[in-house]
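Examining the three-dimensional arrangement
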Amino acid sequence: MGARRRLAIALAALAAWPAAASAHPALESTSPRAGSVVDTSPRRVALSFRAPVEGAFLRVEVRPWAGGPVVSGAPRRTPGDDALVTVPVPRLSGVFRVTWRAFSQDGHATAGSAGFAVGAAIDPVPLPTREDLDDHGALDVAARLLALAGPILLLGLAAVRALVDDAAARGKGAAGAWREALATAAPAW
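Summarised in this report is the structure supplied together with it. What you are looking at is a predicted structure, and each value in this text was computed from that prediction instead of being measured. (Residues numbered from 1 in each chain as written. Predicted model: local features only at pLDDT ≥ 70, side-chain atom pairs only at ≥ 80, totals over all residues. Heavy atoms only, no water.)

1. Overview of the overall build of the chain
Scanning the chain from terminus to terminus reveals three helices and nine strands. Ordered by position from the N terminus, the helices and strands of the chain form the series α-β-β-β-β-β-β-β-β-β-α-α. The buried share among the 189 residues of the chain stands at 32%. Excluding contacts between residues fewer than 6 apart, the proportion of contacts in the chain whose partners are at least 24 apart in sequence is 57%. Split by element, the accessible area of the chain, about 11300 Å² in all, is 61% carbon and sulfur. (Helix = DSSP H or I, 4+ residues; strand = E, 2+ residues; numbered from the N terminus. Buried < 20%, exposed > 50% of the residue type's maximum accessible area, 1.4 Å probe, protein only. Contact = heavy atoms within 4.5 Å. Areas by Shrake-Rupley, 256 points an atom, 1.4 Å probe, with all protein chains shown as cover.)

2. Thoughts on the pattern of salt bridges
Any two side chains of opposite charge can pair, on the condition that their charged atoms come close. In total, this model carries two salt bridges according to the counting rule given. Between Glu-61 and Arg-63 there is a salt bridge, and its shortest N-O distance comes to 3.1 Å. By relative accessible area, Glu-61 is classed as partly exposed at 22%. When its relative accessible area of 27% is taken as the criterion, Arg-63 is described as partly exposed. Here Arg-77 makes a salt bridge to Asp-82, at a shortest N to O gap of 3.7 Å. By relative accessible area, which is 31% here, Asp-82 ends up partly exposed. (Salt bridge = Lys/Arg side-chain N within 4 Å of Asp/Glu carboxyl O.)

3. A few points about the nonpolar core
By size, the foremost hydrophobic cluster in this structure holds 19 residues, and its most contacted members are Phe-49 and Val-60. When residues of this core are traced back to their parent elements, those giving at least two are strand 3 (44-49), strand 4 (59-64), strand 6 (81-88), strand 7 (94-103) and strand 8 (109-118). It is strand 7 that provides the largest number of residues to this core, a total of four residues. Among all residues touching Phe-49, those that are not within four sequence positions of it are Pro-25, Ala-26, Leu-27, Glu-28, Ala-83, Val-85, Trp-100, Ala-102 and Thr-110. (Core = buried A, V, L, I, M, F, W, Y, C linked by side-chain atoms within 4.5 Å.)

4. Regarding the environment of Val-89
Relative to the assigned elements, Val-89 resides in the loop between strand 6 and strand 7. Exposure remark for Val-89: the relative accessible area of 11% places this residue in the buried category. A sequence separation of 19 residues divides Val-89 from Val-70, and the C-alpha atoms of the two residues are 9.7 Å apart. In this structure Val-89 touches Pro-42, Arg-43, Arg-44, Val-45, Val-62, Val-71 and Ser-72, once residues within four positions along its chain are discounted.

5. Some remarks on the sheet that holds strand 3
If you walk across this open sheet you meet the four strands as 1-3-6-5, and the pairing is antiparallel. What marks the edges here is a single partner per strand, and that holds for strand 1 (27-31) and strand 5 (76-78). With strand direction ignored, the average angle separating the axes of adjacent strands in the sheet is 30 degrees. In the sheet, strand 1 pairs with strand 3 via four bridges, with the strands oriented antiparallel. Bridge pairing links Leu-27 to Phe-49 in strand 3. (Pairing = 2+ DSSP bridges. Axes fitted to C-alpha atoms, helices over the stretch in contact; angles between N-to-C directions.)

6. Considerations on unusual backbone geometry
Going from Ser-31 to Pro-32, the amide bond is cis rather than trans, its omega being 0 degrees. With respect to the secondary-structure elements, Pro-32 resides in the loop between strand 1 and strand 2 (37-38).

7. Some points on the packing of aromatic side chains
The tally for this structure, following the rule as stated, stands at two aromatic pairs. With a centroid separation of 6.1 Å and an interplanar angle of 75 degrees, the aromatic rings of Phe-57 and Phe-103 are classed as edge-to-face. Separated by 46 residues along the polypeptide, Phe-57 in the loop between strand 3 and strand 4 and Phe-103 in strand 7 bring together distant segments of the chain. Seen from the ring of Trp-65, Arg-97 lies directly overhead, with NZ or CZ sitting 3.8 Å from the centre. (Phe/Tyr/Trp six-rings, centres within 6.5 Å; stacked < 30°, edge-to-face > 60°. Lys NZ or Arg CZ within 6 Å of the ring centre and 35° of its normal.)

Here is the structure:
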């Protein structure tokens, strides 16, 4: 592959990258629906996010509304749809709270809770839904910058290599190729 073609691919990837990096994993819906009362116990609780979430730091828990131990199993992303997460639950009866914390691929976080009730005899109770998207603290910003620095560095290295390969192909030798590449890439002071 020619040096100019590699440089064009690197620049195209860099231009397309901000659209992918801006995805936030905000919660889109839950099943059972937040605040609902269902007659029969679900076999699983599902959370649908607006963007794919990372599996490594995903946390979803279902527990009784009044407190108590977690009754759900481990969260799983759905194969083919990394924005849909499910947790298995045993046979339920009563009022339950679902809490989650998830990260998108660019490091944005979402966390929150929602409630639902199982059983026809349960009176509807106001079950609040909340979602915290405050990921602008110093640690959150630093983590995102580190996650974004790697791809930018790789694209920059690919561009420099393409320039060096191009200069070397014109017979300038390695030292001349590096001088030319740096002169081309560096801004005029």
